[in-house]
Amino acid sequence: MGAAGLCALVLMLLGVPGRPDGPPSLCDPRVVERFILEARDAERGLAGCGPPCDLPEAVAVPDPGVNFNDWQRMDVGARAHEVGGGQAVLVAAVLRARELLPDPRLRPTLDRAYSAARSLAHLLRGVPTPEPSQADPPPGVRVRTLARLLGVHSSFLRGKVRLFLADACRR
């Protein structure tokens, strides 16, 4: 056993946690901030992209705007539906953009955005929430550029996702 293994064994015997159990918690603000940072980086990376980033067809994305009065009136289940449904729409939108934009220079950005959106959608499904009192689909908008799609993703994370998690983590 090497020095690292011995150190790990001693720490384990002393009860010092080396790794957290299970997946990262969305209640840890660093996790959400990491998703936001990645989304902002992707958005900034495509600023001024121009015609190569124009989508040949409009793609549906969730409305990233938040009306705080409406948000406060929504029950927890409706908020969860709004955020979970919106994140699912973002996953589908990034996947569709990957199909529509064959430029290999855009592929790494789209792959990272898709992976992050899917990961967050998976983590959001693990947040315990009641069923919504209403099941209307979340409102959406349509975008025609990759830069706008990634901008909506970033705004959605900074707005509705952050608000939802602040409420969910207080419970």
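Since we're looking at a predicted model, the values are computed, not measured.

Draft legend 1. How the structure looks around the overall build of the chain. The helix and strand inventory of the chain stands at six helices and two strands. Relative to its 171 residues, the chain shows a buried fraction of 37%. Taking the intrachain contacts of the chain between residues at least 6 apart in sequence as the baseline, contacts between residues at least 24 apart amount to 89%.

Draft legend 2. Representation of the state of the cysteines in the model. By the definition in use, this model includes two disulfides. Across the disulfide, Cys27 is cross-linked to Cys169 (sulfur-sulfur distance 2.0 Å). Judged by the sign of its S-S torsion, about -95 degrees, the bond between Cys27 and Cys169 is left-handed. Of the two residues, Cys27 is situated in the loop between α1 (3–13) and α2 (29–45) and Cys169 in helix α6 (residues 146–170); the sequence distance between them amounts to 142 residues. Each sulfur of the disulfide joining Cys49 and Cys53 lies 1.8 Å from the other. On the S-S bond that ties Cys49 to Cys53, the torsion sits near 75 degrees, and the link is right-handed. Of the residues examined, Cys49 reaches a relative accessible area of 23% and is grouped as partly exposed. By sequence order of its bonded cysteines, the chain has the disulfide arrangement 1-4, 2-3.

Here is what the cut-offs are and how they apply
- For every chain, the first residue of the written sequence is number 1, and numbering continues from 1 onward in sequence order.
- For this predicted model, a pLDDT threshold of at least 70 governs which residues receive local features, and a threshold of 80 or more governs which side-chain atom pairs are given and counted, while totals over whole chains, interfaces and linings are taken from all residues.
- Calculated side-chain values reflect all of the structure's heavy atoms, with hydrogen atoms and water omitted.
- Each helix is a run of DSSP H or I of at least 4 residues and each strand a run of E of at least 2, with the numbering of both proceeding from the N terminus.
- We call a residue buried when its accessible area falls under 20% of the maximum for its residue type, exposed when it is over 50%, and partly exposed in between, using a 1.4 Å probe and counting protein chains only.
- In this analysis, two residues are considered to be in contact whenever any of their non-hydrogen atoms come within 4.5 Å of each other.
- The disulfide definition used here is simple: a pair of cysteine sulfur atoms within 2.5 Å.

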